[in-house]
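An overview of the molecular structure
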Amino acid sequence: MTQHINQDLSGRVALVTGASRNIGRAIAVALAGRGARIAVHVGQDRAAGEETAAAVREAGSEAVVLSGDLSDPDTARSVVADAAAAFGQLDMVINNAAIRPEAPFETLTYENWRRVMGIALDAVFLVSQAALPHLKASDMASVVNIGGLTGHTGAAERAHVITAKAGLVGLTKAMAHELSSQGITINCVSPGLIETARVGAAGHKPKHHDTRTNLVGHRGTAEDVAEAVAFLCSPASRYITGETMHVNGGAYLG
């Protein structure tokens, strides 16, 4: 007899940060397709957030759009509080918000270094800590941090991004040591070589994509990453915590 893996998230609520497009949007839709209601966070682009919310509703669930700079402690607390208030609970936090500009180390400014750290690493600490009271009240709480391939392999002109993403791995392990016994699983998903729509000043293709290959011979999709996240949020993964799941087609074997 075939045994089906339980990934039902009906009655659950997820906050997905940085969900305006690409991986963040795919995660929101994947969780919604399994029954979760979604708090869609965006930095500034509320129109894109509403598009994600529409996709969540099309997947059969409910959504609310929240915005703000999560590197600001007051804003991070407010976004978490609004997410929980919108649906009366909060069971899952997906820390996806990040920026990935490139700059040579020699000319990288401290301002740009701090901006990347603030959004890609500090915000994860702030949001996760603010969410703890809600997560502790859930009987199936999970936090998934979205890392990155170069946080493990390194790359040129990405010192700030790589440092932030490598820091996420350490933060994931530290949180798992403290929170797993309280019924909260903490994991990291590390995407690599994913085809996404790039917009804005930092929207160019990363330089390392020109030379890096993987074992499967093609780029992945945002949906590939979203499926990994959905699994780690599901009842089927409750014995997994403190881990980094690599989704890169074999570009890096962790």
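As recorded by an unreviewed UniProt entry, the chain carries the name SDR family oxidoreductase and is attributed to Hoeflea ulvae.

Glancing now at the pattern of salt bridges. By the definition in use, this model includes 9 salt bridges. For Asp91, the salt bridge goes to Arg12, with nearest N and O atoms at 3.7 Å. Within this pair, whereas Asp91 is found in the loop between helix H3 (73-87) and strand E4 (92-95), its partner Arg12 is found in the segment before strand E1 (13-16), the two being separated by 79 residues in sequence. Among the charged side chains, a network of salt bridges with common partners joins Arg12, Asp91 and Asp139.

Here we come to the nonpolar core. Ile27, Leu31, Ile38, Ile94 and Val189 are the most contacted members of the largest nonpolar core, which has 35 residues in total. In terms of residue count, helix H7 (residues 222-233) provides more of this core than any other element does, 8 residues in total. The next biggest cluster of nonpolar side chains, apart from the first, holds 29 residues, and it includes Leu15, Leu90, Ala123 and Leu132.

Glancing now at H3. End to end, H3 covers 22 Å across 15 residues, agreeing with the expected 21 Å (1.5 Å per residue, within 8%). The complete set of buried residues in H3 reads Ala76, Val79, Val80, Ala83, Ala84 and Phe87. Looking straight down H3, one finds its buried side chains confined to an arc of 125°; they lie on one side. In H3, the exposed positions that point more than 90 degrees away from the buried face belong to Asp74 and Ala85. Looking at the residues trailing H3, positive phi occurs at Gly88, about 80°.

Calculation criteria
- Residues numbered from 1 in each chain as written.
- Predicted model: local features only at pLDDT ≥ 70, side-chain atom pairs only at ≥ 80, totals over all residues.
- Heavy atoms only, no water.
- Salt bridge = Lys/Arg side-chain N within 4 Å of Asp/Glu carboxyl O.
- Helix = DSSP H or I, 4+ residues; strand = E, 2+ residues; numbered from the N terminus.
- Core = buried A, V, L, I, M, F, W, Y, C linked by side-chain atoms within 4.5 Å.
- Buried < 20%, exposed > 50% of the residue type's maximum accessible area, 1.4 Å probe, protein only.
- Expected span 1.5 Å × (residues − 1).
- Arc of directions from axis to C-beta.

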